[in-house]
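Below are the chains, spelled out letter by letter.
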Amino acid sequence: MRPQQFNILKDVDKPLLIIYLILVFIGVANVYAAEIDGSHKAILDFSHNHGKQILFAAISLLIASIILSVDIKIFTSFSYAIYWFFILVLISVLIFGTEIKATKAWFQIGGFAIQPSEFAKFATAMVIAKYISSVKGTTIKFKNRLKAFILIAIPTALVLMQNDTGTTLVFGAFVFVLYREGYVSGIILAFIAMAIFLFVLTLLINEIYIIAGIVSLTIIISIIIRKKKTEILQLIGVCILLSAYVYSVDYCFENILQHHQKERITVLIDDEIDMRGPGYNLNQSKIAIGSGGLWGKGYLEGTQTKFDFVPEQGTDFIFCTIGEEWGFAGSTTLILIYMIFLIRIVLLAEKQRSIFSRIYGYSVASILFFHFAINIGMTIGLVPVIGIPLPFLSYGGSSMVGFTILLFIFLKLDAKKLER
Amino acid sequence: MLINQQTNSYLNRKFVIITIFVVIGLVFIVRLFSLQVLDTSYKLSASRNILRHITDYPARGLIYDRNGELLVHNEPFYDLMVIPGQVGEIDTVSFCNLTGITIESFERRMQNAKQFSYHRGSIFIGQIEKDSYAYIQEHLHKFPGFYVQSRTLRNYVYPVAAHIFGYVGEASQRIIDNNPYYQPGDYVGISGIEKYYEEFLRGEKGVKIKVVDALGREIGPYQDERYDTIAIAGEDLYTTLDIDLQIYGEKLMQNKIGSIVAIEPSSGEILSMVSTPNYDPNLLVGRVRTQNFLSLYSDTLKPIFNRALMAEYPPGSVFKVISTLIGLQEGVVQPNTRLYCPGYYQSRGITVRCREHKNPVDLTGSIKYSCNTYAANLFRNVIDQDKYKNIQESFTTWRDHVTSFGLGNVFNNDLPYELSGIVANSDYYDNIYGSNGWSSLTILSLGIGQGELGTTPMQLANVAATIGNRGFYKTPHIVRAIDDPENKNSKFNNKKYSTIDEEHFDFIAESMFQVVDEGTGRFSRIEDIEMAGKTGTVQNPHGENHSVFIAFAPKDDPEIAISVVIENSGYGATWAAPVASLMIEKYLTRQVERKWFEQRILDANFINPEKHPDKQ
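None of these values were measured; they are calculated from a predicted model. (Residues numbered from 1 in each chain as written. Chains lettered and ligands numbered in written order. Predicted model: local features only at pLDDT ≥ 70, side-chain atom pairs only at ≥ 80, totals over all residues. Heavy atoms only, no water.)

Participant: Requested: an account of the overall build of chain B, with residues and values cited.
Facilitator: From N to C terminus, chain B includes 21 helices and 22 strands. Residue burial in chain B is summarised as follows: out of 616 residues, 57% are buried. Of the contacts made within chain B by residues no fewer than 6 positions apart, 71% connect residues no fewer than 24 positions apart. When the accessible surface of chain B is totalled, it reaches about 27200 Å², and 48% of it is carbon and sulfur. (Helix = DSSP H or I, 4+ residues; strand = E, 2+ residues; numbered from the N terminus. Buried < 20%, exposed > 50% of the residue type's maximum accessible area, 1.4 Å probe, protein only. Contact = heavy atoms within 4.5 Å. Areas by Shrake-Rupley, 256 points an atom, 1.4 Å probe, with all protein chains shown as cover.)

Laid out in structure tokens, this is it:
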């Protein structure tokens, strides 16, 4: 029999584990790159971010090995308890928490600030997996959908109350999970995609043209399928719905969004906006990435990030450092690594024999995907500037530990190959 | 597989999800390709090129006097900057020859610059003059990583009013830590109006981004100056100062310790504020600042100390005008109340001496001749009134009257670092004597402006202004408009009324007029100008008395109110009153006719005791 300490890696999916380690390593290396400015600082310097990031990585690995060592039933059996515990923590952070950058999402403990919403993600993933896997019968009732929705809505609302728009959006990731389990139909998913598409379009083009476009499309399709009366009626209904939506988007944008929220969106679409004012972050981010060229400037050779042009360069804008120093080659490689990582999680989730494990796996993939999409989209000007971390790469203890827990519970579930 | 049967009907949905993942990934890759490979505008012209951010320092706001005359402007100078990360192998010896510094100094400066930042510029040699700049600039291309940045320094047109302007110095670490606007080496107003109006004067820094090649040569602006910001010059200050009067005042006060404050009563605008010994404000500019500051600082006559705002003197007999107004307001005395002065006031072993003068005196006479006996009687009558329960209550009433003239408190105006002066309250006496242990006699010296009273020259001038205005003052201030002379500063426009009814002021103004016309101040009378004033001679335990005088003129609708304090010089009538008289003549007629009278003041020297005019 092999010694105990080797057993924890038994049956753990090696490709995922290796990619995880690669991402953490890239993260530490780039947090270091974003920070040093010529005077070479010691690698293990805990007074600087890169030193702390190494510390966070070490803590994460410790927690990962604990997760791999314990009995998996702790997670499957106590899902609700864990969930409600973190709901309580989210409530208490609203009352007792510290406000950092207008977001009341932190507990200040000594020199470190802990962000409980990072842990609420895996707690919600577990409770959704637990609930959906426990639903009996072959048809999904309205009651089931409602309950699943409420379980997601509670932490979402609490995070929104912290004024943390980014993390709130991440809870939208569960749409994929619900879709996969049949709780959300393809039409709704298509509608969401359509809504996002039309939203952006409305901001770019006068809404009259869009409504005209929708109406003429409806007329053309109606003529083609003129024989099918019911379909034409449905089509006209959809047409009215979409037109109303386009109109209301315009209205909401002009009248309801707060000034800073509006600015974050207008900088994306308006080239003429003042690059030193609201557009500064995005513009500096694009300059940093754009100046990387095909092959990049080389490790530690980036000037844009090191000149402090790019704000939050170690945390939310870590991708800038990669884009600048490693160029198109490096940033594309990173995106490909991420793609492989996410698809591997989805495929593994599908291989699970237990519904709990499958749903949990999907949750992991969806949450990581949302972070990935919003964070990188933001740095390259495709998504409004929303401050959320790039999993495993961005500087930050709470996110590093939170994502590690999220992932390793899945690795443990997968290794155990639960029967149910 | 029964359990999975239902959900497995959604098995194909995994492809939809994976497709979404892949599509987003591809969109990102396409976007990155366009950003990083196709769009060259984000790239710098060559892969190793770097940007240099040159701070564009705004010109500090100019300062004008009340007639639009320029008082303070800026002169350009140059800083030699270094970016340590761009300094390659250079010939240190020839660099030192070029700039005239030693090798050790070079090493030390480089060490400091590295400590600040490898990639951001910091000052290597500060404040190079124009001529050296031209020479250095010519050879600078041999030394990558070094460049020159231009800035401006203050220049004062007249060597006066240093205490008003204050000075500008490099921002301290504390200022830098507390205010993100400031970087090491930036200038900030440290005292005077340079400090108070710093946020208006400093303007807004701009930045020019230059593309620089590997040798540190500027290739040109980055992206057609698209990201450059232009420095916005600071806003100009239009002061209330009359520079001619200020120059004249500082001249009159040469070789004297003390101060003059002149205010326009109707507006509270400070016409001049003199504190001597003074210094040339140009001494605290540029490279010589630190050295000059140290020598001014260690000067035993304390030229940096602004006596007009920070020296507290007992007001002496000048205080009798307030005392009398309180007597009238409280109804304990009438203009026709007469008293025979035996040359002293005596009660229960306490004696206050008086000088010889006409007898008997009425209320006007008591001011005209500054009768201490009258003042002592009056003060006791106010404090010992039957209508108050105890001395605490009557004293507090008295004190409230006094402080309503702006005494015992700071003005909180636009001149930083003022002292509040002293007007002790009844607790103070309770603590010393016990609540039953003091009477009007204990505090009798207050009645003649001595004792627990401290007033700054600014406060004394404000008392004169309040009487000139017949009962109110506007907070004295030094800046009347910012940026545009028409953009009037309304912050100090409120009338602050004293607790004395308006009807009593004409009487006191008339009495003060008689002080100058035929009383203690008659020596300083000016032909054709109705000047009202009050002399004061402040007992000084450390030497010769301080000479004090307050005045306003013309008597009705005054245009100027003034206080003069000359330390260790003697009687108020002999020194302070003539100075005030000359200032008023200068301000109202723009010239001084009484040349011998002026010369006497200019010749007087109270700093060197050997030259004291009374000893010659």
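Participant: Now, about the sheet that holds strand S3 (residues 112-114) of chain A: what can you tell me, with residues and values included?
Facilitator: Residues and elements named next belong to chain A. Across the sheet, which stays open at both edges, the three strands sit in the order S1-S2-S3 with antiparallel pairing between neighbours. Unpaired on one side and paired on the other, strand S1 (98-100) and S3 mark the two borders of the sheet. Neighbour-to-neighbour, the strand axes of the sheet open up by a mean angle of 55 degrees, direction not taken into account. Of the pairings in the sheet, the one linking S1 to strand S2 (residues 103-109) comprises two bridges and is antiparallel in character. (Pairing = 2+ DSSP bridges. Axes fitted to C-alpha atoms, helices over the stretch in contact; angles between N-to-C directions.)

Participant: Could you give me a rundown of the pairing of strand S4 (residues 122-128) of chain B, with the residues and numbers involved?
Facilitator: All names here are of chain B. Of all seven residues in S4, five are buried, a share of seventy percent or more. One ladder, built from four bridges, connects strand S3 (residues 70-82) with S4; its direction is antiparallel. Within the sheet, the bridge partner assigned to methionine 81 lies in S4 and is isoleucine 123.

Participant: How would you sum up unusual backbone geometry? Please name residues and give values.
Facilitator: Trans peptide bonds make up most of the peptide bonds, and negative phi angles are found at most residues other than glycine. The residue after threonine 276 of chain B, namely proline 277 of chain B, is reached through a cis peptide bond having omega 0 degrees. Structurally, proline 277 of chain B is set in the loop between strand S12 (269-276) and helix H11 (289-298). For the bond from alanine 553 of chain B to proline 554 of chain B, the omega torsion is -15 degrees, close enough to zero to count as cis. As for its position among the elements, proline 554 of chain B is in the loop between strand S21 (546-553) and strand S22 (560-566). Even without being glycine, asparagine 163 of chain A reaches a positive phi, approximately 75 degrees. Counting through the fold element by element, asparagine 163 of chain A comes out in the loop between helix H7 (142-161) and helix H8 (165-170).

Participant: Explain empty space enclosed by the protein to me, and be specific about the residues and the numbers.
Facilitator: All names here are of chain B. Scanning the entire structure with this criterion turns up two cavities of 30 Å³ or more. Taken as a whole, the largest cavity holds about 50 Å³ of empty space. Lining the largest cavity we find Lys320, Ser323, Thr324, Leu363, Ser366, Ile367, Cys371, Tyr374, Ala375 and Leu378. Residue assignment for the lining of the largest cavity shows that the elements contributing at least two residues are helix H13 (320-330), helix H14 (363-368) and helix H15 (372-383). For the lining of the largest cavity, the class distribution of residues is six nonpolar, three polar and one charged. (1 Å grid on protein atoms, 1.4 Å probe; cavity = no way out; pocket = protein on both sides within 12 Å on 5 of 7 lines; lining within 4 Å. Points joined across faces, edges and corners; volume = space filled by probe spheres on them. Nonpolar A, V, L, I, M, F, W, Y, C, P; charged D, E, K, R; others polar.)

Participant: Summarise the packing of helix H16 (residues 391-403) of chain B against helix H17 (residues 426-433) of chain B; cite the residues concerned and give the values.
Facilitator: Residue and element names in this part refer to chain B. Relative to each other, H16 and H17 sit at 140 degrees, their axes nearing to 9 Å. In this view, H16 runs oblique relative to H17, as classed from their interaxial angle. In this structure, H16 uses Gln392, Phe395 and Thr396 to contact H17, whose residues at the interface are Ser426, Tyr429 and Asp430. Residues that form the contact of H16 with H17 fall into these classes: two nonpolar, three polar and one charged. (Parallel < 35°, antiparallel > 145°, perpendicular 65-115°, else oblique.)

Participant: Help me get a handle on the sheet that holds strand S20 (residues 532-538) of chain B, residues and values and all.
Facilitator: All names here are of chain B. A sheet is described by the order of its strands in space; here five strands give the open sequence S12-S11-S22-S21-S20, paired in antiparallel fashion. Taken across any chain shown, the strands that pair with only one partner, and hence form the sheet edges, are S12 and S20. Each strand of the sheet is rotated relative to its neighbour by a mean of 5 degrees, with strand direction disregarded. The sheet contact formed by S20 and S21 spans seven bridges and is antiparallel. The residue bridging threonine 537 from the neighbouring strand is serine 547, located in S21. Where helix H19 (residues 505-517) meets the sheet, its contacts fall on S20 and S21, and the angle it forms with S20 comes to roughly 70 degrees.

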